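Listed below, chain by chain, are the residues.
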Amino acid sequence: MALTNKDPHNAREMAAVLLLGARIARREARGKSTKRLENRVDRIREKAEERENGK
């Protein structure tokens, strides 16, 4: 079930994206690579969009 009418993410996916966003910000502040975490966020978003478009 989508979190909102305009958003394809469910509550679990939204929480995961927010947590990953915080980790990305922390790693950027330390000057470390964030590519792996960004790819994970992209995969979550793609799966949510595919699920919502498939309905």
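Read on for a plain summary of the structure. (Residues numbered from 1 in each chain as written. Predicted model: local features only at pLDDT ≥ 70, side-chain atom pairs only at ≥ 80, totals over all residues. Heavy atoms only, no water.)

## Quick look at a positive patch on the surface
Here's step 1: The grouping of R12, R23, R26, R30, K32, R36, R40, R43 and K47 at the surface amounts to a positive patch.
Here's step 2: Tallying contributions element by element places helix α2 (residues 35–54) first for the positive patch, with 4 residues.
Here's step 3: Relative to the elements of secondary structure, R23 occurs in helix α1 (residues 11–29). (Patch = residues over 30% accessible without salt bridge, like charges linked within 9 Å, V, L, I, M, F, W, Y side chains within 5 Å. Areas by Shrake-Rupley, 256 points an atom, 1.4 Å probe, with all protein chains shown as cover. Salt bridge = Lys/Arg side-chain N within 4 Å of Asp/Glu carboxyl O. Lys, Arg positive; Asp, Glu negative; His and termini not counted. Charge placed at Lys NZ, Arg CZ, Asp CG, Glu CD. Helix = DSSP H or I, 4+ residues; strand = E, 2+ residues; numbered from the N terminus.)

## Topic: α2
Here's step 1: Look at α2: 28 Å from first C-alpha to last across 20 residues, which is about the 28 Å you get at 1.5 Å a residue.
Here's step 2: Along α2, the positions that sit buried rather than exposed are L37, V41, I44 and A48. Down the axis of α2, the smallest arc covering the buried residues is 60 degrees, so these residues share one side. In α2, the exposed residues that point more than 90 degrees away from the buried face are K35, R36, K47, E50, N53 and G54.
Here's step 3: Where α2 is buried, its residues contact α1. (Expected span 1.5 Å × (residues − 1). Buried < 20%, exposed > 50% of the residue type's maximum accessible area, 1.4 Å probe, protein only. Arc of directions from axis to C-beta. Contact = heavy atoms within 4.5 Å.)

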